[in-house]
Amino acid sequence: MTQGFDLAASLARGVEGRSGAWAFIQGFAAHWAGAAPASDDGWTEAELDAAEERLGVRLPAALREAYQLFGRRQDLTSNHDVLLSPAELYVDDAKEALVFRHENQGSASWGVLLDSLRNDDPAVLIRLDLADKSAERWEEWLERLSLSFVEIILSESLQADEELCDYLDPDGDSLDLLETNLVRLPFPAYPSGEATRWFLGHDVLLRDDDGAAVLARGRTAEDLDRVRDLIPGDWLNDCR
């Protein structure tokens, strides 16, 4: 537990609803990303109102709240994939969903179905960019926008400076050490069926992507070195 911020306990509250999600993100930003969101780190009501007028749709309360709290903090939201600005939000060509996030190479988009925009904290769906466009579908991702933003902040934290982040191609021993020596975090299962698991060590956050990759983020370079020693392997950024 980082002094003043219990990541696991805060995350447990953060996955339950909007207020807990925003409290988790503020605490995580303060203790893991240098500073809590400041008053000028979000988009203004006027900018969000202008987006609604341009699009002709109502933005869900959770989306407005997230954008107003930390929407400009690219270090929290856009180290790898991209959170769209209010001026970049758009309705997809099929007029099915409001799109708010893109995968960094355009291979996927995240959005909210238009018929669920009346909900304050609607489900988020994902649409993969396929060679066969007729096969593209909006598929379940996470059950609430606020939960999706918790996932965004956690995942984007793993894509920060190389000094703090690393990647491991694990083997069976690596995964055994991960499960034995670290704490499984209480993040809900992904509806898409991805076997993604989150773990916490001593000031180190890790994500296991179905045994295919382990991504790690330390609060400091020393914290990251500690988990590299705990789980030996060919860490991509370990130049020691």
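Residues numbered from 1 in each chain as written. Predicted model: local features only at pLDDT ≥ 70, side-chain atom pairs only at ≥ 80, totals over all residues. Heavy atoms only, no water.

Running from N to C, helix H4 (residues 61-70) and helix H6 (residues 145-157) point in directions that differ by 35 degrees, and their axes come no closer than 9 Å. H6 is crossed by H4, and the crossing has right-handed handedness. Contacts between H4 and H6 involve Ala62, Leu63, Ala66, Tyr67 and Phe70 on the former and, on the latter, Leu145, Ser146, Phe149 and Ile153. Residues belonging to the contact of H4 with H6 are distributed by class as follows: eight nonpolar, one polar and no charged. (Axes fitted to C-alpha atoms, helices over the stretch in contact; angles between N-to-C directions. Helix = DSSP H or I, 4+ residues; strand = E, 2+ residues; numbered from the N terminus. Left-handed = near helix turned anticlockwise from the far one by under 90°. Contact = heavy atoms within 4.5 Å. Nonpolar A, V, L, I, M, F, W, Y, C, P; charged D, E, K, R; others polar.)

When you line up the elements, Val57 lands in the loop between helix H3 (45-55) and H4. Apart from residues no more than four positions distant in its own chain, Val57 is found in contact with Glu52, Leu114 and Leu117.

Moving on to a negative patch on the surface. Taken together, the side chains of Asp169, Asp171, Asp173, Asp176 and Asp234 present a region of like negative charge at the surface. With respect to the secondary-structure elements, Asp173 resides in helix H7 (residues 172-181). (Patch = residues over 30% accessible without salt bridge, like charges linked within 9 Å, V, L, I, M, F, W, Y side chains within 5 Å. Areas by Shrake-Rupley, 256 points an atom, 1.4 Å probe, with all protein chains shown as cover. Salt bridge = Lys/Arg side-chain N within 4 Å of Asp/Glu carboxyl O. Lys, Arg positive; Asp, Glu negative; His and termini not counted. Charge placed at Lys NZ, Arg CZ, Asp CG, Glu CD.)

The biggest cluster of nonpolar side chains holds 57 residues, and the ones touching the most others in it are Tyr67, Phe100, Phe149 and Phe187. Counting residues in hydrophobic clusters, the runner-up holds 13 residues, among them Leu178, Leu182, Val214 and Leu224. (Core = buried A, V, L, I, M, F, W, Y, C linked by side-chain atoms within 4.5 Å. Buried < 20%, exposed > 50% of the residue type's maximum accessible area, 1.4 Å probe, protein only.)

Turning our attention to the pattern of salt bridges. As enumerated under the stated definition, the model contains 26 salt bridges in all. A salt bridge links Arg144 to Glu143, with the nearest nitrogen and oxygen atoms 3.3 Å apart. Measuring nitrogen to oxygen at the nearest pair gives 3.5 Å for the salt bridge that ties Arg240 to Asp225. With Arg240 in the segment after helix H8 (221-230) and Asp225 in helix H8, the pair connects residues that are 15 residues apart, well separated along the chain. Residue classification places Asp225 among the partly exposed positions, given a relative accessible area of 21%. Among the charged side chains, a network of salt bridges with common partners joins Asp166, Asp225, Arg228, Asp229, Asp238 and Arg240.

The subject of this paragraph is the side chain of Thr77. The residue Thr77 is located in helix H5 (residues 74-77) in this model. What makes Thr77 buried here is its relative accessible area of 1%. A distance of 3.1 Å separates the side chain of Thr77 from the side chain of Ser78, its partner in a polar contact. Contacts of Thr77, omitting those with residues within four sequence positions, involve Phe70, Leu83, Ile152, Ile153 and Glu156. (Polar contact = N/O pair within 3.5 Å; in protein donor to acceptor, adjacent residues only side chain to side chain.)

Our next topic: H4. Within H4, seven of the 10 residues are buried, which leaves it mostly tucked inside the rest of the structure. Where H4 is concerned, the buried positions are Ala61, Ala62, Leu63, Arg64, Ala66, Tyr67 and Phe70.

Turning next to the sheet that holds strand S8 (residues 183-184). With antiparallel pairing, five strands are arranged side by side in an open sheet as S7-S11-S10-S9-S8. For this open sheet the edge positions go to strand S7 (165-168) and S8, each flanked by a neighbour on one side alone. Two strands pair when backbone bridges link them, and S7 and strand S11 (residues 214-218) are joined in this way by four bridges, in the antiparallel orientation. Across the sheet, the residue bridging to Tyr167 is Leu215, located in S11. Each of S7, strand S9 (196-200), strand S10 (204-209) and S11 touches H7; the most contacted strand, S9, lies at about 55 degrees to it. (Pairing = 2+ DSSP bridges.)

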